[in-house]
Each structure stands twice: as structure tokens, then as C-alpha cells.
Amino acid sequence: RPLVFVDGTLGGGGHAAALLSRLERGDVVIGCDVDRDALTTSSKRLEKYTHPKQEELPLFIPIQSNFRDLHHVLPKQRKQELSFARKEEFADFSHH
């Protein structure tokens, strides 16, 4: 069962980078920030994790949003990227 973490204040991506370096294939870190520049900076820093076809790495999903709106934003924009998870796992996550 994949682990899913949310970094609700992504900033430069330092905490997300540390977490991703310890996770396994199939795990996910979702990074949220309302600041477009912070999201761009952290996405460049974590670029190797944004390509799920790299088989041994966890997945990083950057989302420009306030973390309190994530339950609305995630199902609309990123559901396909979480397709490795069973539907009921995703449904449970998206409603919390």
C-alpha cells in the first residue's frame, strides 16, 4: 500500500526532498504552495521525482493551491497521476 504525504507549505522543497529521499517506489509526496515562484523553484529541485516512469523513485506532485483547498484541487487535477493506488484508497484520501 503506497504512502501518501502532503507538504502543505512547500516553499523551496527542502522538507519534501528529505522525505522523498527516504521513500520507495509507489509512495507520493504532494507539495502545495500558493506562491508560483516557490512552486517553480521546488519543482526544479525535485524534478527527478516528477516522472513516475522512473521505476525506483517515489512520486512528487506539485500543486499551486492553499493546502486547505487540497481536497477540492487534487481530485480534479491529479487523479490520473495517482492511478497506481486503488480507487477506494484515493477516494478515502480525497475526502479527508
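All of these numbers come straight from a predicted model, not from anything done at the bench.

## Examining helix α2 (residues 36–45)
Right, on to step 1. Within α2, burial applies to Ala38, Leu39 and Ser42. For α2, the angular spread of the buried residues around the axis is 100°, confining them to a single face. Seen from the open side of α2, the exposed residues pointing more than 90 degrees away from its buried face are Arg36, Asp37 and Lys44.
Right, on to step 2. A distance of 2.8 Å separates the backbone nitrogen of Asp37 from a side-chain oxygen at the start of α2, and that oxygen is part of Asp35.

## With respect to the environment of Ser43
Right, on to step 1. Mapping Ser43 onto the fold places it in helix α2.
Right, on to step 2. Between the C-alpha atoms of Ser43 and Ile63, which are 20 residues apart in sequence, the distance is 9.7 Å.
Right, on to step 3. Setting aside residues up to four positions removed in sequence, Ser43 forms contacts with Phe60 and Pro62.
Right, on to step 4. Looking at Ser43, its side chain comes within polar contact range of the main-chain oxygen of Leu39, at 2.8 Å.

## Some points on the environment of Gly12
Right, on to step 1. With respect to the element layout, Gly12 can be found in the loop between β1 (4–7) and α1 (14–20).
Right, on to step 2. With relative accessibility at 39%, the residue Gly12 sits in the partly exposed group.
Right, on to step 3. C-alpha of Gly12 to C-alpha of Asp37: the two residues are 25 residues apart in sequence and 9.2 Å apart in space.

What counts, and where the lines are drawn
- Residues numbered from 1 in each chain as written.
- Predicted model: local features only at pLDDT ≥ 70, side-chain atom pairs only at ≥ 80, totals over all residues.
- Heavy atoms only, no water.
- Buried < 20%, exposed > 50% of the residue type's maximum accessible area, 1.4 Å probe, protein only.
- Helix = DSSP H or I, 4+ residues; strand = E, 2+ residues; numbered from the N terminus.
- Arc of directions from axis to C-beta.
- Polar contact = N/O pair within 3.5 Å; in protein donor to acceptor, adjacent residues only side chain to side chain.
- Contact = heavy atoms within 4.5 Å.

Limitation: the analysis is restricted to geometry and does not speak to function.
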